[in-house]
Amino acid sequence: MPNNPHEGVSVDAARELLAQRMELLRFTTAGSVDDGKSTLIGRLLVDTKAVFEDQLAHVQEVTERRGQTGFDLALITDGLRAEREQGITIDVAYRYFSTPKRSFIIADTPGHVQYTRNMVTGASTANAAIILIDARNGVAQQSRRHAFIASLLGIPHLIVAVNKMDLVDYAEERYDQIRREFRDWAAKLGQVDLRFIPISALNGDMVVTRGEKMPWYRGWTLLGLLEDLEIGTDRNLIDFRFPVQLVSRPQTEDLHDFRGYMGRIESGAIAVGEEIVVLPSGLRSKVKEIVTFDGNLDHAFTPQSVTITLEDDIDISRGDTIVRPHNVPRMESEFEAAVCWMSDEPMQPRKKYLIKHTTRTVRGFIKDLRYRIDIDTLHRDKESPTLELNEIGRCILKTQKPLYCDDYRENRATGSFIIIDELTNLTVGAGMIWRERHEAPGAAE
Amino acid sequence: MTHLRALESEAIHIMREVVAEFRNPVMLWSVGKDSACLLRLAQKAFAPGPIPFPLMHVDTCVKFPEMIEFRDKYAAEIGFRLIVESNTEALKSAPSMQNPGRYCEFCSKHMKTEALLGALEKHGFDAAIGGARREEERSRAKERVFSFRDDFGRWDPKNQRPELWNLYNTRVHEGESIRVFPLSNWTEANIWQYISAEDIPIVPLYYAKKRPVVRRGNAWLTAQDSRLLHEGEVPEERWVRWRTLGCMPCTGAVESKALTIEEIVAEAQAATKSERENRIVDQGKASMEDKKKEGYF
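Residues numbered from 1 in each chain as written. Chains lettered and ligands numbered in written order. Predicted model: local features only at pLDDT ≥ 70, side-chain atom pairs only at ≥ 80, totals over all residues. Heavy atoms only, no water.

(A) Quick peek at the overall build of chain A. Of the regular secondary structure elements, chain A holds nine helices and 21 strands. Across the 445 residues of chain A, 58% fall into the buried class. A sequence separation of at least 24 residues applies to 70% of the contacts in chain A between residues at least 6 apart. On chain A, roughly 18800 Å² of surface is accessible, and the fraction owed to carbon and sulfur atoms is 47%. (Helix = DSSP H or I, 4+ residues; strand = E, 2+ residues; numbered from the N terminus. Buried < 20%, exposed > 50% of the residue type's maximum accessible area, 1.4 Å probe, protein only. Contact = heavy atoms within 4.5 Å. Areas by Shrake-Rupley, 256 points an atom, 1.4 Å probe, with all protein chains shown as cover.)

Below, the structure is given as structure tokens:
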């Protein structure tokens with residue numbers, strides 16, 4: 001066979017890949033135009049070989065067409081035409097790469113246009129956040145803002161990458177200074193796993209490989225940290241929550257009496273024979289079967305999608321939640337939440353919105369805006385009459401029917417909701433349910 | 001839970017949301033490897049019941065005969081409702097296949113986009129599930145899982161609804177629709193891992209075989225249909241297979257002797273070129289972004 005491009009890759013290696021039982025880590029990055037975010041992502045993708053030759057050729061071509069020399073790593077993550085023309089990122093983009101240890105999804109969020117809306121979106125599904133700091137400029141407003149949003153969205157691990165070390169002569173003193181400054185400020189955020197790494201995304205130092213310029217740094221490389229970060233405990237494995245998505249009644253000849261409840265286990269685990277209670281009816285039963293296409297299971301755990309049948313015939317429909325009798329969520333039609341506003345049209349107190357929470361959509365309104373949080377100073381503005389686009393505030397919401405919810409800090413899936421405008425159908429806000437005793441990070445006065 | 005099973009669970013959750021919240025959903029079935037995974041996921045999502053929506057194949061009329069044969073056989077075997085739609089009206093004014101670039105432009109506009117939009121409207125579908133992946137192409141990296149389309153089936157990349165957690169906004173007005181992508185977070189490697197783990201049947205063209213082809217540019221194109229040949233071209237027999245399947249005139253094969261999934265994956269892993277590289281359609285003047293704005297899947 002002429003010029004076989006696949007030479008040297010063994011079928012054994014492929015067999016290994018097919019059998020791989022990799023774990024997934026999702027992380028978010030945010031940054032302003034000049035802090036090297038696109039270069040860093042380009043570096044991670046190129047050095048982990050997630051970019052194909054034809055894509056690299058394209059980048060080379062564009063770099064040359066622009067009259068630049070070398071290879072502009074930042075171009076790899078260019079998406080829409082308007083972004084290429086303006087040299088900016090408009091919307092959250094998702095990137096994928098993997099190493100033999102883990103698979104990664106990057107939620108790549110822009111740092112300037114619509115920053116809060118996009119950062120919140122990217123952060124909502126992330127296990128970790130990379131906060132970029134330009135070593136020349138030190139801790140900028142932008143970095144603090146991103147760290148605050150990451151912690152508000154409950155991201156447990158914050159990785160502070162002090163970038164452009166090449167432009168400060170790889171000086172340990174500069175790195176230490178930034179580290180101290182950020183650590184002092186981050187004390188306001190409450191409990192987060194905070195890590196620091198000095199890098200040069202441009203030259204690749206401490207990103208995938210160590211490089212030779214910073215022998216004084218003995219910690220992880222960025223990729224090494226991403227690969228080894230302990231995330232097993234990020235999910236709530238204790239509180240069984242099963243919001244019903246669909247009721248399955250095939251009514252075919254062989255499944256005449258089958259009645260199953262389809263959904264995803266949002267947290268915790270359940271086993272056949274265990275006692276359950278259905279909300280809101282409060283009716284109790286026992287799990288009869290856990291049905292899947294691949295056969296019935298004895299037990300199932302988050303985040304599996306399964307179909308549950310019960311010992312008793314009880315009335316259950318979409319939006320109901322199945323839980324354990326001695327571990328129930330709160331049932332509330334009035335609750336406090338941190339709300340991020342995402343629409344050009346400001347929040348209107350007392351206007352009826354739709355609230356989508358787990359599999360349940362109910363009408364509701366903002367009963368009270370307690371305060372707006374200035375995300376730059378973390379100051380609470382109690383006089384603010386409303387929330388505008390990209391603003392975050394603490395609200396009291398009232399819904400027509402109760403939600404079966406947990407505190408966001410304890411359970412992302414049952415503590416989060418989106419707000420939809422009934423007339424335009426747009427998603428206008430996102431909320432995290434927060435009990436009084438849990439103050440928003442940084443809000444301590 | 002392994003990455004693959006987490007992706008599986010996510011896709012099942014997405015499909016169930018579609019069935020719970022839309023009046024008249026459809027799944028688009030291109031008969032390729034991504035569609036094969038999508039179909040298995042649909043079976044899993046609704047087991048032990050049947051798949052509660054039809055599958056629709058938009059046939060450009062220049063698909064590989066092997067794909068059509070596979071489609072009909074597999075549909076009968078699993079027993080779902082299959083809809084096949086073609087823009088036969090436009091086909092009457094099709095340009096010659098002697099100019100593949102022009103033919104592709106025609107095909108993409110009329111036989112794919114127009115045909116799809118016409119079919120969605122004809123059946124009144126308010127949600128269309130598709131197998132696109134964010135990793136595939138630059139503009140797709142920004143696509144939502146539940147992606148809004150206006151009355152004209154168009155995508156507005158700069159004005160997308162924010163999508164947080166796994167809470168999907170499924171609301172549309174009459175005439176508007178949502179494209180749903182359960183495989184958004186899958187990579188090509190994940191697709192092969194899943195096909196292997198689940199033993200999912202795929203079109204035989206993915207496996208290498210000695211086939212009649214012609215060399216054009218840097219691609220091997222099938223010579224199985226005489227309409228496809230340029231004047232003076234002489235087909236030769238080569239061991240080839242397809243990494244990705246589309247229409248005959250524009251989907252190039254790669255030289256390969258891969259006869260098993262393991263061998264295919266070994267090649268995919270070693271591949272230094274992206275899988276769409278051999279598709280003429282993706283290299284035209286109109287980018288995927290432009291086509292998607294017009295309503296292309």
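Alright, that's what it looks like, and here's the rest.
(B) Inspection of the interface of chain A and chain B at higher detail. On the chain B side, the residues contacting the 84 residues of chain A number 72 residues. Summed over both partners, the interface of chain A with chain B buries about 6800 Å², with 58% contributed by carbon and sulfur atoms. In this structure, the connection of chain A to chain B is made through 25 residue pairs in polar contact (both at pLDDT 80 or more). It is helix α1 (residues 11–19) of chain A that contributes the most residues to the side of chain A that touches chain B, five residues altogether. In the side of chain A that touches chain B, the residues fall into 41 nonpolar, 24 polar and 19 charged. (Buried area = accessible area lost by both parts, 1.4 Å probe. Polar contact = N/O pair within 3.5 Å; in protein donor to acceptor, adjacent residues only side chain to side chain. Nonpolar A, V, L, I, M, F, W, Y, C, P; charged D, E, K, R; others polar.)

(C) Main features of the packing of aromatic side chains. Applying the stated rule across the entire model yields 21 aromatic pairs over all chains. Judged by centre distance (5.3 Å) and plane angle (85°), the rings of Trp29 of chain B and Phe80 of chain B are edge-to-face. In this pair, Trp29 of chain B sits in the loop between β1 (25–28) and α2 (33–46) while Phe80 of chain B sits in the loop between α3 (65–78) and β3 (82–85), placing the two residues 51 residues apart along the sequence. Take Trp29 of chain B: its relative accessible area is 2%, and that puts it in the buried class. Three or more aromatic residues joined by ring pairs make a cluster, and in this case those are Trp29, Phe70, Tyr74 and Phe80 of chain B. The positively charged end of Arg134 of chain B is found above the aromatic ring belonging to Tyr94 of chain A, 4.0 Å away from the centroid. (Phe/Tyr/Trp six-rings, centres within 6.5 Å; stacked < 30°, edge-to-face > 60°. Lys NZ or Arg CZ within 6 Å of the ring centre and 35° of its normal.)

(D) Molecular detail of the sheet that holds strand β7 (residues 209–216) of chain B. All names here are of chain B. The antiparallel open sheet is built from four strands, whose spatial order is β8-β7-β9-β10. Two strands lie at the open edges of the sheet, namely β8 (219–222) and β10 (254–255), each paired on one side alone. Of the pairings in the sheet, the one linking strand β9 (residues 236–241) to β10 comprises two bridges and is antiparallel in character. Of the residues in β10, the one forming a bridge with Arg241 is Val254. (Pairing = 2+ DSSP bridges.)

(E) Looking closely at unusual backbone geometry. Each neighbour pair has its own omega, and for Leu279 of chain A with Pro280 of chain A the value is 10°, a cis peptide bond. Pro48 of chain B follows Ala47 of chain B through a cis peptide bond whose omega is 5°. Take Pro48 of chain B: it is sitting in the loop between α2 and β2 (55–58).

(F) View of the confidence of the model for chain A. Per-chain confidence: chain A averages 86 in pLDDT, with 87% of residues scoring 70 or above. Note that pLDDT drops below 50 for residues 1–9 of chain A; the model gives that stretch eleven contacts with residues more than four away or on any other chain. (pLDDT = per-residue confidence, 0-100.)

(G) Molecular detail of helix α7 (residues 172–186) of chain A. Residue and element names in this part refer to chain A. Here α7 is 15 residues long and its end C-alpha atoms lie 21 Å apart, about the 21 Å a rise of 1.5 Å per residue gives. Taken together, the buried positions of α7 are Tyr175, Ile178, Phe182, Trp185 and Ala186. End-on, the buried residues of α7 take up no more than an arc of 100°, which puts them together on one face. Along α7, the residues that are exposed and aim more than 90 degrees away from the buried face are Glu173, Arg180 and Asp184. As for α7, its buried residues are in contact with β4 (128–134), α6 (141–152), β5 (157–163) and β6 (193–198). (Expected span 1.5 Å × (residues − 1). Arc of directions from axis to C-beta.)

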